Each structure stands twice: as C-alpha cells, then as structure tokens.
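# A closer look at the structure
Now for the letters of each chain:
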Amino acid sequence: MAVKTKSTDSSYGWVVLAVTFLAGFTAPANMAKVTALAPVVMQTFGFGPDTLGWVIALFYVLGFVMAFPTAGLINKLGIRNVVLIAIGCAALGSVIGAMTTDVTVFMVSRFLEGAGMGVMGVAGASAIAPWFAPEKRGFPLGIWAMWVALAMCICPVLYGYVVDSLALPWQTVWWGTFVFDIVVGIVFVIFYREPEKPFQTEEDQHAGKADFKRALKNPMLWALGMIFFFDEAAFMAINGFLTTYLTEQLATTLVWATGIASAFGVAGAICAPLCGKLSDWLKTRKWVLFFALCGGVAYTAVVFICPIPELYWGIMILAGIAGGFVPSIIWAATPDTVDPDDVPVANGLVATTQNLGMFVGAMFMGNAVAAFGWATASYAVLVPCYLICIVIFFVGLRKLR
C-alpha cells in the first residue's frame, strides 16, 4: 500500500542528500579496491579466481548481516551515529589491509570494510526519503542509487592509474581510502541533520517507531527484495571479475581494463538519476523496472562472451541500464510499499537482499569460472538471474504502480 509521507519541504534536504551520498560512497570505494586490482592482489597473495571469489564475497558478509538489524539500530542510536560506526569500520579495515602480508588477515580486513555496505544502504535511503514528497522522491533517491555506480566509475581507473601508471604499491590505495573515510566522517558530522518530523503521515501527526512485523507482511516488499538479490548477484559478479576477464582472456592492459570498468560505472551513474526522473515523469516505477530487467538479460548474455575489447564501449550502455535503473527503481519504490514509520525496516530488507546477492554472486561466480570457464558460467549463472527477476516481477509486483 502506498502511503503519503509528509515532506519537511526544506531545501536542506539536498544538503542531507549530498553528505549522505559522500558517506555512502565510502563503502563501494572500499569495495572496488579488490575488484579493480584483482590481478595484482592475486599475484601478491598467490591465489587464483576461486579464492578471489571468496575474498570479494567476504566484503559483503557484514553487509547482509548488518543490513536488516540497522533499522533497529537507527531507532536506538539515530542515523548519524549508525553511519559513523559504518565509516569507522571501513577506515579500520583499510588500515589492517594496508599493513598485512597474510592472506587470512587480509580477508579479515575486507570483512570489516564491508560492514558499511549494508548499513549505508539502509541508513542512506532512510535519511533522504523523508525530506522529499513521495511524488518527487524518484529523482533524489535516483541520485542516491548512484552511490555504487559512481564508485565503479571513479575508483577502478583511479586505482589502476595509481598502481599501473604511477607504479606505486597497491597498499597506497588502501591508505588513500583510510584518509578519505576519515575526512568524509568529519564532513558528515558537521552537516548532517535529521528531519523535524521523519516518516510522519498526514493522518497521524505523531512520529512512531518502526514495526518489523507490519512491514514484513507486505508481499511487494519481498518481491522487490528478491529482485534486488538476483540483480546484485549477477551484476556484482560481473564487477568482481571484469578486469580479470579483460586482462587474462582478452590480453588488455590493467589500465585499459580498469578504464572499461570505470566506463561501465559512468553509464550506471548517469542512468540511476535519469531512471528516477523518468519514473517520476511517467508516474510508473513498474514498467521502467521491467525495461531494466530486460536490459540485464542482454547484458549478462554478452559481457563475458564478447571476444573484441573495443565492443565493450557498446556493452557499456547495457551495463548502465542494468546497473543504474534497477537499484534506482528499487530504492524509489521501497518506501511506497509500507507505512512511513516502517521505511527503515523496508530499506533494511532490500539492503539485506542486495548484500546477500553480492556475496553469493561473487563467491559462486569465481568457482563457476574455475570449474566451467567464462562462457558456460555466464549462461549457467548470470543470465538466469535476470530471467528469475522477470518471473518475480510478473508474480509479485502486479500492484506496483
């Protein structure tokens, strides 16, 4: 059931969006380190794609473990404190990763860095949504949905340049993210504000607490969550192994491969707010989502099959549709499925399924590639993910506008 939320009607919501976006950016910026520098990391620690899958997947463990309880933490500690805890975990993980030469300790560092991934998804969307009226929420939440895509745009080429072109050790990137995390944490403390009356209905003028049971009874919310699971399983499996595929199978340089990965991120970053604005204009989330899922099928069918490096500039368009449209619609549609007080719970569920999908996709794809090769793994693992999403779409989202 769509519920009208009383907006705070303040331009300061855009400031909140900006600083929350920066805080959210710390998580995928840390995530991108291993995916972008996978060939270097594998060489340093002496493991192959199967172990790489686990190293990538560990980043998402605390993400999906913490995502759902974050709604409860927000009730107790407030969004500001929850975000700062997440940033602190990321900074600590960066320091540990930069200082270790042991693969086990390195995995632990990735475990800590990933704490912010699930937390930020819940806290970020929950911080932004109450500042905007529901009919105008698609665009700001579309901008928020860029938090991962923009990191995939900037970070791979930046990290590749630091390690390949500047010939600096990979640990330089880890120290860089540590400094970035600290600076962003300070900025967030200074500028973040809670809305005066968050998640307040027009009929009920007192702010209430989130009700987990009430929120989780909504089948549309579960459908959105499951679509997010399969979408992220496929999409993040691609992000985790793209530079490895391009350098090992197509013999490109690391700088070229990370440039392609960044170009894919550019496409996703552009498409996310565009999708939000488009869904506001068309007054439908449902059919924009369907278009995005069809784009995902096409994307997964070609991304690890194409033998010509230059064609990846065209595949970039499909990457933008799948990577930008789907998260934008999920985050914009989620608050409309529950009572306003329950928005953190709803965001917690979709963030949990998002991070669980990332974990499963990264772990399973690495082992599938090692066992079956790139082409078979793509058609056995990636393409079916989006086909399942389309089935869920028609079964579970019939009432979504």
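You'll find the structure just up there.
Now for a description of the structure that goes with this document. (Residues numbered from 1 in each chain as written. Predicted model: local features only at pLDDT ≥ 70, side-chain atom pairs only at ≥ 80, totals over all residues. Heavy atoms only, no water.)

Attention now goes to empty space enclosed by the protein. Per the counting criterion, the structure on display carries two cavities of 30 Å³ or more. Each pocket or cavity is described by its volume, and for the largest cavity that value is around 200 Å³. As for the largest cavity, its lining consists of 19 residues, of which Val148, Ala149, Met152, Phe235 and Asn239 are closest to the centre. Elements represented by at least two residues in the lining of the largest cavity include exactly α1 (12-36), α10 (146-165), α13 (219-249), α14 (254-282) and α16 (312-333). When residues of the lining of the largest cavity are sorted by domain, at least three fall in each of domain 1 (12-199) and domain 2 (212-400). What lines the second largest cavity is Thr20, Ala23, Gly24, Ile79, Val83, Met120, Ala123, Gly124, Ala127, Trp144 and Phe188. Listed by contribution, the elements that provide at least two residues to the lining of the second largest cavity are α1, α6 (79-99) and α8 (115-128). By residue number, the principal contributor to the lining of the second largest cavity is α8, which donates four residues. (1 Å grid on protein atoms, 1.4 Å probe; cavity = no way out; pocket = protein on both sides within 12 Å on 5 of 7 lines; lining within 4 Å. Points joined across faces, edges and corners; volume = space filled by probe spheres on them. Helix = DSSP H or I, 4+ residues; strand = E, 2+ residues; numbered from the N terminus. Domains from an automatic or database assignment.)

Here we come to the nonpolar core. Judged by nonpolar contacts, the single largest core of 146 residues is most densely connected at Phe304 and Tyr312. Here the element with the most residues in this core is α13; it accounts for 18 residues. Split by domain, the residues of this core number at least three in each of domain 1 (12-199) and domain 2 (212-400). When neighbours within four sequence positions are excluded, Tyr312 is seen to be in contact with Leu242, Tyr245, Leu246, Leu250, Ile260, Phe264, Val302, Val303, Phe304 and Cys306. (Core = buried A, V, L, I, M, F, W, Y, C linked by side-chain atoms within 4.5 Å. Buried < 20%, exposed > 50% of the residue type's maximum accessible area, 1.4 Å probe, protein only. Contact = heavy atoms within 4.5 Å.)

On inspection of all chains with the given rule, the structure shows five salt bridges. Where Arg110 meets Glu113, a salt bridge forms, and the shortest distance between an N and an O atom there is 2.8 Å. Highlighted residues: Arg110 and Glu113, both in helix α7 (residues 103-113), separated by three residues, approximately one helical turn. Since its relative accessible area comes to 1%, Arg110 is described here as buried. According to the relative accessible area criterion, Glu113 is buried, its value standing at 0%. Taking the shortest distance from any N to any O, the salt bridge between Arg214 and Asp339 comes out at 3.3 Å. You can see Arg214 sitting in helix α12 (residues 212-216) and its partner Asp339 sitting in the loop between α16 and α17 (343-372), a full 125 residues away along the chain. Here the residues in one salt-bridge network are Lys33, Arg110 and Glu113, joined through shared partners. (Salt bridge = Lys/Arg side-chain N within 4 Å of Asp/Glu carboxyl O.)

Another aspect to go through is a nonpolar patch on the surface. Nonpolar side chains collect at one region of the surface, where Val15, Ile182, Ile186, Val189, Ile190 and Phe191 lie side by side and expose about 500 Å² of accessible area between them. When residues of the nonpolar patch are assigned to their parent elements, the largest contribution, five residues, is made by helix α11 (residues 171-191). Inspection of the secondary structure assignment puts Val189 in helix α11. A relative accessible area of 39% places Val189 in the partly exposed class. (Patch = residues over 30% accessible without salt bridge, like charges linked within 9 Å, V, L, I, M, F, W, Y side chains within 5 Å. Areas by Shrake-Rupley, 256 points an atom, 1.4 Å probe, with all protein chains shown as cover.)

Let us now look at the environment of Phe132. Residue placement: Phe132 occurs in the loop between α8 and α9 (138-144). Taking the C-alpha atoms as reference points, Phe132 and Trp14, separated by 118 residues in sequence, lie 9.4 Å from one another.

Take the packing of helix α15 (residues 286-302) against α16 next. Orientation of α15 relative to α16, taken along the N-to-C sense of each, is 140 degrees, at an axis distance of 8 Å. Taken together, the axis directions place α15 and α16 in an arrangement best described as oblique. In this structure, α15 crosses over α16, and the sense of that crossing is left-handed. Between α15 and α16, the residues in contact are Val288, Leu289, Phe291, Ala292, Leu293, Gly295, Gly296, Ala298, Tyr299 and Val302 and Tyr312, Ile315, Leu318, Ala319, Ile321, Ala322, Phe325, Val326 and Ile329, respectively. For the contact of α15 with α16, the class distribution of residues is 17 nonpolar, two polar and no charged. (Axes fitted to C-alpha atoms, helices over the stretch in contact; angles between N-to-C directions. Parallel < 35°, antiparallel > 145°, perpendicular 65-115°, else oblique. Left-handed = near helix turned anticlockwise from the far one by under 90°. Nonpolar A, V, L, I, M, F, W, Y, C, P; charged D, E, K, R; others polar.)

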